[in-house]
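# A closer look at the structure
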Amino acid sequence: MTTETPKTSIQDMLGKSIWARSLTSEQLERVQSEVFSRKIPAGGFVCHKGDAVSHWIGVHEGLLKMSSVSPEGKTVSFAGMANGGWLGEGSLLKDEPRKYDVVALRDSELLYMPKATYLWLLDNSIPFNRFLVTQLNERLGLFISLVEYDRMLEPDARVARCLAALFNPYLNPGIGLELQISQEEVGNLSGASRQRANQALQVLEKAGLLKVDYGSITILDLDGLRQFHS
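Source: prediction; values computed, not measured. (Residues numbered from 1 in each chain as written. Predicted model: local features only at pLDDT ≥ 70, side-chain atom pairs only at ≥ 80, totals over all residues. Heavy atoms only, no water.)

Tallied over the full model, the rule gives 0 disulfides. Unpaired in this structure, Cys 47 has its nearest cysteine sulfur neighbour in Cys 162, at a distance of 18 Å. The class for Cys 47 is buried, based on a relative accessible area of 5%. (Disulfide = S-S within 2.5 Å. Buried < 20%, exposed > 50% of the residue type's maximum accessible area, 1.4 Å probe, protein only.)

Taking strand neighbours across the sheet as the criterion, the 4 strands line up as β2-β7-β4-β5 in an open arrangement whose pairing is antiparallel. Where the open sheet ends on each side, the last strands, each with one partner, are β2 (45–47) and β5 (75–81). Direction aside, the axes of adjacent strands within the sheet are offset by 30° on average. The pairing of strand β4 (residues 64–69) with β5 spans 6 bridges and is antiparallel. (Pairing = 2+ DSSP bridges. Helix = DSSP H or I, 4+ residues; strand = E, 2+ residues; numbered from the N terminus. Axes fitted to C-alpha atoms, helices over the stretch in contact; angles between N-to-C directions.)

On the secondary structure map, Ser 108 appears in strand β8 (residues 108–114). Polar side-chain contacts of Ser 108 include one of 3.3 Å to the backbone nitrogen of Leu 63. Polar contacts involving the side chain of Ser 108 include one to the main-chain carbonyl oxygen of Arg 106, which spans 2.8 Å. When near neighbours in sequence (up to four residues on either side) are disregarded, Ser 108 contacts Arg 38, Lys 39, Ile 40, Glu 61, Gly 62, Leu 63 and Leu 64. (Polar contact = N/O pair within 3.5 Å; in protein donor to acceptor, adjacent residues only side chain to side chain. Contact = heavy atoms within 4.5 Å.)

A word on the nonpolar core. Leu 163, Leu 179, Val 186, Leu 204, Leu 210, Ile 219 and Leu 225 are the most contacted members of the largest nonpolar core, which has 28 residues in total. Put simply, the parts of the chain that give this core at least two residues each are α6 (155–165), α7 (183–190), α8 (194–206), β11 (216–219) and α9 (222–227). Apart from residues no more than four positions distant in its own chain, Leu 179 is found in contact with Leu 163, Leu 166, Phe 167, Gly 215, Ser 216, Ile 217 and Ile 219. One finds Leu 23, Leu 92, Tyr 118 and Phe 131 within the second-largest nonpolar core, a separate group that totals 20 residues. (Core = buried A, V, L, I, M, F, W, Y, C linked by side-chain atoms within 4.5 Å.)

Considering all chains together, one arrives at 9 aromatic pairs under this definition. Considering the side-chain rings of Trp 19 and Phe 128, the 5.6 Å spacing of their centres and the 80° angle between planes classify their relative orientation as edge-to-face. Placement of Trp 19 in the loop between α1 (7–15) and α2 (25–34) and of Phe 128 in helix α5 (residues 126–152) is noted, with a sequence separation of 109 residues between them. Phe 128 gets classed as buried once you look at its relative accessible area, which sits at 0%. Taking the centre distance of 5.9 Å and the plane angle of 85° together, the rings of Tyr 118 and Phe 128 count as edge-to-face. With Tyr 118 in helix α4 (residues 115–124) and Phe 128 in helix α5, the pair connects residues that are 10 residues apart, well separated along the chain. (Phe/Tyr/Trp six-rings, centres within 6.5 Å; stacked < 30°, edge-to-face > 60°.)

In short, geometric facts, not functional conclusions.
Here is the structure:
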């Protein structure tokens, strides 16, 4: 379902995006006029594996999970995306179908930049190109680390690293140290059951790395989460 969003809301979102700050006033005006918003309910698909890629997608408010399902029905979680994050830049550059599903883990409001606008920025903004190079590099580093976590770490450490991975200034610039996130959402992002995610959060809380409240988690030691080994 598509909903109209006041232009000021789109301006506010773009104002929090690193790449938008470097655009000229004329470039930013064009982007603001061509970006639109959609609200996706919790559990709804933002996009499906195999879809044609027609937009660059930004998270205004909400939490998304990038994942894929094997032919045997096993779900593999790749990454979480929160406020301020954008996704799909690689697929747009390669002009290929999406290689993953993206699901909203909670009610989310997203921004969509048409492919034509995205390609126009590539042709007309050197700072935008520099941002994309950095973003793609950060994304690659994230995926390499996730493969390492999955193969080498125990569940407690995987949950710790999964939470820490949300705090990337390029991939999720709008996220704060107090996460409005449920234990079920933590499990979805880390590939663990709700019960196992709850056990891991208790371990991390006892270690002084975070504080768990109803419906939220406050990060107390981000470096500790990034280095945690069970």
